[in-house]
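Survey of secondary and tertiary structure
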Amino acid sequence: MLLQRTIKQSISTTGVGLHSGHRVKITLRPAQPGTGIVFHRVDLPQVVDLPARADAVGDTRLASVLQQGAVRVSTVEHLMSALAGLGVDNLHVDLDAEEVPIMDGSAATFIYLLRSAGLVEQAAPKQFLRVLEPIEVREGEGSAAKWARLEPHEGFALSFAIDFHHPAIDSTANRAEIDFAHESYVKTIARARTFGFASEVEALRSMGLARGGSLDNAIVMDEYRVLNHDGLRYDDEFVKHKILDAIGDLYLVGYPLVARYVANKSGHGLNNQLVRALLARQGSWEIIHYASQEAAPAAFTRDWQFA
């Protein structure tokens, strides 16, 4: 039987919030079977718990933000993506500020932390949400259309297309398809960094966004080129980062997905709409578990500790 997974021991690090610019300490702690992923604001007079659920997302401007009343935990998508990639079902995440630290702008640091803490299987069957019929959300029409879709698929695969009309991005691949039956999250996706444009920095900061952004935690472009001295980590790093984000946004469904995700120019807002639409249509999905490794799709049987 495929079993639920958590970490062996607590582990901490510090960083800066991409949008808030605030220093933040993050501690990852083991959690009991059935807990799911729960964020805790430990800097408040009373600790506030924010379960990682799609219906708790209250803001999607350039990040996925969990909210409970006035309490926020921002930019959860990169950590959630790493947890999905390593198959972690249960975890407590303590934060002493309102935003998950951006680290290097990818999921790689979170992969390192989780592996350093160690992964352990738990005495409870791992549950999956299997998509039974296609579901799609759309915005705009014609060439401006943005959409995201989930389709039945025995495994987990993603296809994403971007269209930014920028020389540095257009010179790379604008479409990527990943099937985790054949490819490793750690090797193929985890190191893809977030990206932005130098021309937009001041406008974003006036909106309270990108205050912690720098060449250390994002790919930054001027009108023509990438400004980072080390260039790109993947030839298709831009679209792969959008896939990384989507994996994190989709994991807010509360379970690993047995599905294929296909998207065109989607972002956090559309991804959240898609998950909410899926959950609202009860006949379009089911919760399952796999009685053995042999019964499970190859996407879920890889030993991610060594991927």
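Each remark here, short or long, concerns the structure printed above.
Residues numbered from 1 in each chain as written. Predicted model: local features only at pLDDT ≥ 70, side-chain atom pairs only at ≥ 80, totals over all residues. Heavy atoms only, no water.

To continue, consider the overall build of the protein chain. A count of helices and strands for the protein chain gives 7 helices and 19 strands. Over its C-alpha atoms the protein chain spans a radius of gyration of 18 Å, differing by no more than 12% from the 19 Å that the globule rule assigns to 307 residues. By its C-alpha atoms, the protein chain is 55 × 50 × 35 Å across when sized along the principal axes. Every one of the 307 residues in the protein chain was classed for burial, and the buried ones make up 55%. When contacts within the protein chain are restricted to residue pairs at least 6 apart in sequence, long-range pairs at least 24 apart make up 75% of them. Only carbon and sulfur atoms are counted for the fraction: they give 49% of the accessible area of the protein chain, which is about 13100 Å². Across the protein chain, the mean location of the 30 positive side-chain charges is 2 Å away from that of the 37 negative side-chain charges. (Helix = DSSP H or I, 4+ residues; strand = E, 2+ residues; numbered from the N terminus. Rg over C-alpha atoms; globule rule 2.2 N^0.38 Å. Buried < 20%, exposed > 50% of the residue type's maximum accessible area, 1.4 Å probe, protein only. Contact = heavy atoms within 4.5 Å. Areas by Shrake-Rupley, 256 points an atom, 1.4 Å probe, with all protein chains shown as cover. Lys, Arg positive; Asp, Glu negative; His and termini not counted. Charge placed at Lys NZ, Arg CZ, Asp CG, Glu CD.)

The geometry of an aromatic ring pair is captured by two quantities: the separation of the ring centres and the angle between the planes. Inspection of every chain in the model, using the stated rule, returns 8 aromatic pairs. Where F156 meets F180, the ring centres are 5.9 Å apart and the plane angle is 20 degrees; that geometry is what we call stacked. Taken together, the residues F156 in strand β14 (residues 156-161) and F180 in the loop between β15 (175-179) and α4 (185-188) connect sequence positions 24 residues apart. What makes F180 buried here is its relative accessible area of 4%. A centroid spacing of 6.3 Å and a plane angle of 50 degrees characterise the contact between F164 and F197, whose relative ring orientation is tilted. With F164 in the loop between β14 and α3 (167-170) and F197 in strand β16 (residues 195-197), this residue pair connects regions lying 33 residues apart in the sequence. Among the residues examined, F197 registers a relative accessible area of 16% and is labelled buried. Feature note: the residues F164, F195, F197 and F238 constitute an aromatic cluster, connected by ring pairs. One Lys or Arg, K240, reaches over the ring of Y234 and ends 4.6 Å from the middle of that ring. (Phe/Tyr/Trp six-rings, centres within 6.5 Å; stacked < 30°, edge-to-face > 60°. Lys NZ or Arg CZ within 6 Å of the ring centre and 35° of its normal.)

Attention shifts here to the side chain of E99. Examined against the element boundaries, E99 turns out to sit in the loop between β9 (91-95) and α2 (108-117). Buried within the structure, E99 lacks any salt-bridge partner; its nearest side chain of opposite charge belongs to R72, at an N-O separation of 7.8 Å. Side-chain polar atoms of E99 contact the backbone nitrogen of L18, separated by 3.4 Å. In terms of polar contacts, E99 uses its side chain to reach the backbone amide nitrogen of S20, at 2.8 Å. (Salt bridge = Lys/Arg side-chain N within 4 Å of Asp/Glu carboxyl O. Polar contact = N/O pair within 3.5 Å; in protein donor to acceptor, adjacent residues only side chain to side chain.)

Summed over the entire model, instances satisfying the criterion amount to 20 salt bridges. A salt bridge links R29 to D94, with the shortest nitrogen-to-oxygen separation between them at 2.8 Å. Of this pair, R29 sits in strand β3 (residues 23-30) while D94 sits in strand β9, placing them 65 residues apart in sequence. Overall, D94 belongs to the buried group, its relative accessible area being 13%. The salt bridge involving E151 is made with R149; its shortest N-O contact spans 2.8 Å. Assessed through its relative accessible area of 18%, E151 is described here as buried. Where salt bridges share partners, they join E136, R138, R149, E151, E177 and R260 into one cluster.

Below, the discussion takes up the sheet that holds strand β2 (residues 11-16). Read across the sheet, 5 strands follow the order β2-β3-β9-β4-β5 without closing on themselves; strand pairing throughout is mixed. In this open sheet, the two strands that pair with only one neighbour each are β2 and β5 (48-51). Within the sheet, the average angular offset between the axes of one strand and its neighbour, ignoring direction, is 25 degrees. Where strand β4 (residues 37-41) and β9 come together, 5 bridges link them in parallel fashion. Within β9, the position partnered with H40 by the bridge is D94. Along the sheet face, helix α1 (residues 77-86) touches β3, β4 and β9 and points at about 150 degrees away from the line of β4. Along the sheet, α2 makes contact with β2, β3 and β9, crossing β2 at roughly 165 degrees. (Pairing = 2+ DSSP bridges. Axes fitted to C-alpha atoms, helices over the stretch in contact; angles between N-to-C directions.)

Below, the discussion takes up the environment of F195. Considering the arrangement of structural elements, one finds F195 in strand β16. Not counting residues up to four positions away in its chain, the partners in contact with F195 are F164, I169, I219, M221, F238, H241 and K242.

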